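So you can see what is in the structure, the chains are spelled out below.
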Amino acid sequence: MDDGKQVTRKSSPPIKVYCLPDEKEQIEAQARAAGLSSAAYLRQLGLGFEVRGILDYEKVDELAKISADLGRLGGLLKMWLSNDERLQQFSEAQIEKTIKVAMERIEEGQEEMSRVMQAVLMQPR
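Residues numbered from 1 in each chain as written. Predicted model: local features only at pLDDT ≥ 70, side-chain atom pairs only at ≥ 80, totals over all residues. Heavy atoms only, no water.

## Details of the overall build of the protein chain
Quick note on the threshold: We count a stretch as a helix when DSSP gives it H or I for four or more residues in a row; a strand needs E for two or more, and each element gets its number in order from the N terminus. The cut-offs for exposure are 20% and 50% of the maximum accessible area for each residue type, with area from a 1.4 Å probe on protein chains only; residues under the lower value are buried, those over the upper are exposed, and the others partly exposed. Only the protein chains shown count as cover for residues, with accessible areas throughout obtained via the Shrake-Rupley method and a probe of 1.4 Å.
Looking only at helices and strands, one finds four helices and zero strands in the protein chain. For the protein chain, the α and β elements follow one another from N to C terminus as α-α-α-α. Evaluated residue by residue, the protein chain yields a buried proportion of 15% over its 125 residues. Accessible area of the protein chain: about 10,600 Å², with a carbon and sulfur share of 55%.

## Remarks on the pattern of salt bridges
As a reminder, the rule being used: We define a salt bridge as a contact between a side-chain nitrogen of Lys or Arg and a carboxyl oxygen of Asp or Glu at a distance within 4 Å.
Taken as a whole, this structure holds two salt bridges when the rule is applied. Here Lys24 and Glu28 are joined by a salt bridge, their closest N and O atoms 3.5 Å apart. Here Lys24 and its partner Glu28 are both found in helix 1 (residues 21-33), four residues apart, which amounts to about one turn of the helix. For Glu28, a relative accessible area of 27% gives the class partly exposed. Between Arg72 and Asp69 there is a salt bridge, with its nearest N and O atoms 2.3 Å apart. You can see Arg72 and its partner Asp69 sitting in helix 3 (residues 57-81), three residues apart, about one turn around the helix. Since its relative accessible area comes to 36%, Asp69 is described here as partly exposed.

## A closer look at the layout of surface pockets
To keep things clear, this is the line we draw: Buriedness for pockets is judged along seven lines, at least five of which must meet protein on both sides within 12 Å for an open set on the 1 Å grid over protein atoms alone, while cavities are sets there where a 1.4 Å probe fits but cannot get out, and lining residues have an atom within 4 Å of a point. Grid points are joined across faces, edges and corners, and a volume is the space filled by probe spheres set on the points. Classes in brief: Ala, Val, Leu, Ile, Met, Phe, Trp, Tyr, Cys and Pro nonpolar; Asp, Glu, Lys and Arg charged; the others, Gly included, polar.
Taken as a whole, the largest pocket holds about 590 Å³ of empty space. For the largest pocket, the lining is made up of 15 residues, of which Pro14, Ile15, Ala39, Leu42 and Arg43 are closest to its centre. At the level of secondary structure, the elements contributing two or more residues to the lining of the largest pocket comprise helix 1 and helix 2 (38-46). Here the element with the most residues in the lining of the largest pocket is helix 2; it accounts for four residues. Of the residues belonging to the lining of the largest pocket, the class tally is eight nonpolar, two polar and five charged.

## A short note on the nonpolar core
Soluble globular proteins tend to bury their nonpolar side chains together. Applied cut-off: What is meant by a nonpolar core is a set of buried Ala, Val, Leu, Ile, Met, Phe, Trp, Tyr and Cys residues, joined one to another through side-chain atoms within 4.5 Å.
Leu63, Ile66, Leu70, Leu73, Ala102, Ile106, Met113 and Val116 together form the largest nonpolar core, which totals eight residues. Of all elements in the fold, only helix 3 and helix 4 (92-121) reach the threshold of two or more residues within this core.

## Observations concerning a negative patch on the surface
Heads up, the condition is: In this scheme, patches are assembled from residues that exceed 30% relative accessible area and form no salt bridge. Like charges are connected within 9 Å, while nonpolar side chains (Val, Leu, Ile, Met, Phe, Trp, Tyr) are connected within 5 Å. The charged-residue count follows a simple rule in which Lys and Arg add positive charge and Asp and Glu add negative charge, with His and chain termini not counted at all. Lys charges are placed at NZ, Arg charges at CZ, Asp charges at CG and Glu charges at CD.
On the surface, a cluster of negative charge is made up of Glu58, Glu62, Glu104, Glu107, Glu108, Glu111 and Glu112. Those elements giving two or more residues to the negative patch turn out to be helix 3 and helix 4. Top contributing element to the negative patch by residue count: helix 4, with five residues. Mapped onto the secondary structure, Glu107 falls in helix 4.

## Some details on the packing of helix 1 against helix 2
Here is the rule: Axis lines are fitted through C-alpha atoms, for helices just across the contact stretch, and the angle between N-to-C directions can take any value from 0 to 180 degrees. To sort the angles, those under 35 degrees are grouped as roughly parallel, those over 145 as roughly antiparallel, those from 65 to 115 as roughly perpendicular, and the leftovers as oblique. Contact between two residues is taken to exist if any of their heavy atoms lie within 4.5 Å; hydrogens are not considered.
Interhelical geometry of helix 1 versus helix 2 gives an angle of 90 degrees and a closest axis separation of 8 Å. Put simply, helix 1 runs roughly perpendicular to helix 2. Only Ser38, Tyr41 and Leu42 of helix 2 make contact with helix 1, whose side of the interface consists of Ile27, Glu28, Gln30 and Ala31. Of the residues assigned to the contact of helix 1 with helix 2, the class counts are four nonpolar, two polar and one charged.

Have a look at this one:
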């Protein structure tokens with residue numbers, strides 16, 4: 001084809017695969033789990049590529065929320081440590097207590113993120 005047209009998958013002849021309705025449902029379910037169309041899923045399998053599943057979006061959203069909480073705590077801690085004039089009304093003991101609580105919450109958040117990451121990584125493929 002030297003007439004300037006590029007060969008695409010859509011313009012190429014398809015390969016037909018006959019399967020039973022339950023086989024088709026299973027293939028479609030596995031393709032969805034991998035975040036692919038049925039055609040892309042079967043093409044990757046047929047070409048010998050390993051098909052990997054997509055991450056659980058709920059777990060990723062959970063990690064993003066934990067990360068945002070940790071960011072807010074870090075901002076609060078930075079404000080306390082910046083010796084801001086607005087903080088002159090607080091005693092050193094109050095500041096130390098607040099920093100201790102913030103550090104504990106940051107550590108809890110890190111542990112929670114670790115648990116969520118483990119859950120995502122340990123999911124069956």
